[in-house]
Amino acid sequence: MAKERGLISPNDFAQLQKYMEYSTKKVSDVLKLFEDGEMAEYVQGDAIGYEGFQQFLKIYLEADNVPSHLSLALFQSFQTDHCLEETVKKDLVCLSDVSCYFSLLEGGRPEDKLEFTFKLYDTDRNGILDSSEVDKIIIQMMRVAEYLDWDVSELRPILQEMMKEIDYDGSGSVSLAEWLRAGATTVPLLVLLGLEMTLKDNGQHMWRPKRFPRPVYCNLCESSIGLGKQGLSCNLCKYIVHDHCAMKALPCEVSTYAKSRKDIGVQSHVWVRGGCESGRCDRCQKKIRIYHSLVGLHCVWCHLEIHDDCLQAMGPECDCGLLRDHILPPSSIYPSVLVDPVSNTHPLLVFVNPKSGGKQGERVLWKFQYLLNPRQVFNLLKDGPEAGLRFFREVPNFRVLVCGGDGTVGWILEMIDKANLPVVPPVAVLPLGTGNDLARCLRWGGGYEGQNLGKILKDLEMSKVVHMDRWSVEVIPQQTEEKSDPVPFQIINNYFSIGVDASIAHRFHIMREKYPEKFNSRMKNKLWYFEFATSESIFSTCKKLEESLTVEICGKPLDLSNLSLEGIAVLNIPSTHGGSNLWGDTKRPHGDIQGINQALGATAKVITDPDILKTCVPDLSDKRLEVVGLEGAIEMGQIYTKLKNAGHRLAKCSEITFHTTKTLPMQIDGEPWMQTPCTIKITHKNQMPMLVGPPPRSSNFFGFLC
């Protein structure tokens, strides 16, 4: 099939998606440049050659150097039979086909995509297409579906049936209104086009395509969907159907808030047929024969699974099951703005960045919509954090779970600051980024890899609160003709660095922006970082750093004259670049950490004595920073790859000021920039309550939390 239809390889498609993820361009904007703009010279009728196609990719993907193998494979994939007949020459492709294909892939409303693709082929602008032109649109839809791992054998008859309904009079032509009407009622097509489901509590399912690793049965027709086959599953109730059964599905029975006063206070079970994944009845403990037919019932709130015959033995009241401490049941919300949670619970406000962690973010969003009340789960790309914070503002004892990377966590902490809540909620982290340094320090791990979310929520119940320091950064540039990059943040949650470490990070950042497909795993990132560290050691761009900066800690100069440094790092947490501990391990003295640090000088805002620094243990709530000197890029690479323990401990302090005399690389929480001569002041801002995960069974973690 791939060879017959000219499909690019799965790896090429994944690479293309990575480029699109980083691009801000729209197909419609690029198309204008080719129709009547500066790129019109590349157009021959409705076709472009390979050179024009390369220009299209360069502009649309905002990438100067799209790999030649990818651009060539894409170009050849558009050389379909119908395009060759129209353009005659084999070295041309239809511009409409190219535009249609990319518009289907990019974000946006399905209705807009349907209208845009229709108008692409309506060249005479009369609002009518013949069936062969509509078929061209469907060909691009089928290609996109196949790339996205859909079962096109299921989708093809659905689209064919849609075509029959559109052309009801057999005239062979379709109007825009008919096309939009048919597309808007074809559920699998809408899901393919990226339908953004919104909670309406009107019986509408929130469908997503799902390929099933075990035999399942359609909730509508009750026939098997088949092992490894694709169907549609509702995120809210786990109602499952064939693609072609979706339009006739029964309404979704999940209501996310109380519709009347009689529903307030007591939550009832909501039973849905099927979905009994464990294969065992929670009432009688006997097997549920899930592989033979649509059997069993599951409750969407407590997630109990029972035989059909055991239903009579179950009471009507639902306690929300094992995850009750986190769930805000519908019976607690009436109307949708008044919230009164069950007593002795800690409702969880979940923020998910669906772009983090590849496709993991989207999967996490879907799973939490089922495990909790969907009204507790917010898509940050769609809603931002404000809506969730407003909704939970008056909810007592609520907690926050941020699903994303360090950048997402920093964003949420900043928005909580600005929200001026009556009580600041404690925050936990589900790490979906590549570095995840804060999550590591809080014992939530170095990266989510599909673990059971129910177990993670149980760990969250056992978590403890630690008040994490946060630091203000003020950059005061000197008057100079040179131009600085924008300073990425005004707050430090994790760390700040200047010199060699930031130089490596800056090169890493530029390369990732240019070639995102090369930085799609944590292991690849480590290898790239080590490569940049190696090349930095050759050029030594930050050599003799002490000659171009001075450092003051709490108003006192820090003597760097006897050191040969290429970088300085200021740490709030002992993890950088995905787990590197620049401060190094400290032999744990007897006694508690807080008592030890107090004995070393809690009242003293500055510690510079080398002997005392050897015994200092990092503490993210002591209102002090750890300052580390870095000798060079090779040392950084060795620390990053665990070949060396740490940098050179310089100080612990509660305030630090840098004065620089030349342009230097800097970074805050992993975001680098080039800064012209300036003064940088770092002072304590506040503390944020953070949730620390339960201790691991093998206690080989950062000492300050074990």
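Data block above holds the structure.
Residues numbered from 1 in each chain as written. Predicted model: local features only at pLDDT ≥ 70, side-chain atom pairs only at ≥ 80, totals over all residues. Heavy atoms only, no water.

*Asks:* Is there a simple way to explain the overall build of the chain in this structure?
*Replies:* Helix and strand counts for the chain come out as 23 helices and 28 strands. In the chain, which comprises 706 residues, the share counted as buried stands at 54%. Once local pairs closer than 6 in sequence are excluded, the contacts in the chain between residues at least 24 apart make up 71%. With the model as given, the accessible surface of the chain reaches about 32,300 Å², and the carbon-plus-sulfur share is 50%. (Helix = DSSP H or I, 4+ residues; strand = E, 2+ residues; numbered from the N terminus. Buried < 20%, exposed > 50% of the residue type's maximum accessible area, 1.4 Å probe, protein only. Contact = heavy atoms within 4.5 Å. Areas by Shrake-Rupley, 256 points an atom, 1.4 Å probe, with all protein chains shown as cover.)

*Asks:* What exactly am I supposed to notice about the packing of aromatic side chains here?
*Replies:* Ring pairs (aromatic) are described by centroid distance and by the angle formed between their planes. Evaluated as defined, the whole model comprises 14 aromatic pairs. An angle of 50° between the planes, with centres 6.2 Å apart, marks the rings of Phe351 and Phe378 as tilted. Taken together, the residues span a long stretch of sequence, with Phe351 in strand β12 (residues 348-352) and Phe378 in strand β13 (residues 377-379) at a distance of 27 residues. Here the two residues Phe351 and Phe378 agree in accessibility, since each one is buried. (Phe/Tyr/Trp six-rings, centres within 6.5 Å; stacked < 30°, edge-to-face > 60°.)

*Asks:* Please clarify how the pattern of salt bridges should be interpreted in this entry.
*Replies:* Side-chain pairs of opposite charge can arise whenever the charged atoms involved come near each other. According to the stated counting rule, one finds 14 salt bridges in the structure shown. Its salt-bridge partner being Lys238, residue Glu277 comes within 3.1 Å of it at the nearest N-O pair. Residue Glu277 is located in the loop between β9 (271-273) and β10 (297-299), and its partner Lys238 is located in the loop between β7 (230-234) and β8 (240-241); the two are separated by 39 residues in the primary sequence. Look at Glu277 and you get partly exposed, because its relative accessible area is 41%. Across the salt bridge formed by Glu626 and Lys652, the nearest N and O atoms sit 2.3 Å from each other. Remark: Lys652 occurs in strand β24 (residues 648-653) and Glu626 occurs in strand β23 (residues 625-630); sequence separation between them is 26 residues. With relative accessibility at 2%, the residue Glu626 sits in the buried group. With relative accessibility at 0%, the residue Lys652 sits in the buried group. Among the charged side chains, a salt-bridge network with shared partners connects Asp622, Arg624, Glu626 and Lys652. (Salt bridge = Lys/Arg side-chain N within 4 Å of Asp/Glu carboxyl O.)

*Asks:* Even after reading the chapter, I still don't get the sheet that holds β8, so can you show me in this structure?
*Replies:* Note on sheets: strands pair through backbone hydrogen bonds, and any given pair is parallel or antiparallel. Spatial strand order, β6-β7-β8: three strands in an open sheet with antiparallel pairing. Each edge of the open sheet is held by one strand with a lone partner, namely β6 (207-211) and β8. Across two bridges, β7 lies against β8 in antiparallel orientation. Across the sheet, the residue bridging to Ser233 is Ile240, located in β8. (Pairing = 2+ DSSP bridges.)

*Asks:* How should I be thinking about the sheet that holds strand β26 (residues 664-668) in this particular structure?
*Replies:* Here seven strands make up an open sheet; going across it, the order is β22-β24-β23-β21-β18-β26-β27 and the pairing antiparallel. Two strands lie at the open edges of the sheet, namely β22 (606-607) and β27 (671-675), each paired on one side alone. As judged from the five bridges shared by strand β18 (residues 495-499) and strand β21 (residues 567-571), these two strands associate in the antiparallel manner. Along β21, the bridge assignment pairs Ser497 with Ala569.

*Asks:* I would appreciate a short explanation of helix α8 (residues 110-121) in the present structure.
*Replies:* Because each turn of an α-helix spans 3.6 residues, side chains separated by three or four positions end up pointing in the same direction. Given a rise of 1.5 Å per residue, 12 residues ought to cover 16 Å, and the 17 Å separating the end C-alpha atoms of α8 matches this to within 8%. Among the residues of α8, those classed as buried are Pro110, Lys113, Leu114, Thr117, Phe118, Leu120 and Tyr121. With its buried residues spanning 155° around the axis, α8 presents them on a single face. (Expected span 1.5 Å × (residues − 1). Arc of directions from axis to C-beta.)

*Asks:* Just checking my understanding: could you explain the environment of Arg273 for this structure?
*Replies:* Looking at the secondary structure, you find Arg273 in strand β9. Along the primary structure Arg273 and His307 are separated by 34 residues, whereas in three dimensions their C-alpha atoms are 9.7 Å apart. Not counting residues up to four positions away in its chain, the partners in contact with Arg273 are Asn219, Glu222, Leu294, Val295, Gly296, Leu297, His298 and Asp308. There is a polar contact of 3.1 Å between the side chain of Arg273 and the side chain of Glu222. (Polar contact = N/O pair within 3.5 Å; in protein donor to acceptor, adjacent residues only side chain to side chain.)

*Asks:* Would you mind showing me how to read empty space enclosed by the protein here?
*Replies:* Inspection of every chain in the model, using the stated rule, returns two cavities of 30 Å³ or more. Quantified by volume, the second largest cavity comes out at close to 30 Å³. Forming the boundary of the second largest cavity are Leu236, Val254, Val300, Trp301, Gln369, Tyr370, Leu372 and Pro374. (1 Å grid on protein atoms, 1.4 Å probe; cavity = no way out; pocket = protein on both sides within 12 Å on 5 of 7 lines; lining within 4 Å. Points joined across faces, edges and corners; volume = space filled by probe spheres on them.)

*Asks:* So what exactly am I meant to see when it comes to the environment of Ile333 here?
*Replies:* With respect to the helices and strands, Ile333 occurs in the loop between β11 (305-306) and β12. Ile333 sits in the buried class, given a relative accessible area of 0%. For Ile333 and Thr256, which are 77 residues apart along the polypeptide, the C-alpha to C-alpha distance reads 8.0 Å. Beyond its immediate chain neighbours, meaning those up to four positions away, Ile333 contacts Thr256, Tyr257, Ala258, Leu328, Leu338, Asn373 and Phe391.

*Asks:* So what exactly am I meant to see when it comes to the environment of Ser497 here?
*Replies:* Inspection of the secondary structure assignment puts Ser497 in strand β18. Placed 73 residues apart in sequence, Ser497 and Val570 show a C-alpha to C-alpha distance of 5.9 Å. What Ser497 contacts, discounting residues up to four positions off in sequence, is Ala502, Ile568, Ala569, Pro665, Met666 and Gln667. A distance of 3.0 Å separates polar atoms of two side chains, one belonging to Ser497 and the other to Asp501.

*Asks:* Explain the pairing of β12 to me, please; I cannot follow it from the model alone.
*Replies:* The side chains of a regular strand alternate between the sheet's two faces. Taken across its five residues, β12 has five buried, putting it largely inside the fold. Alternating positions in β12 separate into two faces, Leu348, Val350 and Val352 on one and Leu349 and Phe351 on the other, with burial throughout. Relative to strand β14 (residues 399-404), β12 runs parallel, the two being bridged by five bridges. Among the inter-strand pairings, Leu349 is bridged to a residue of β14, identified as Val400.

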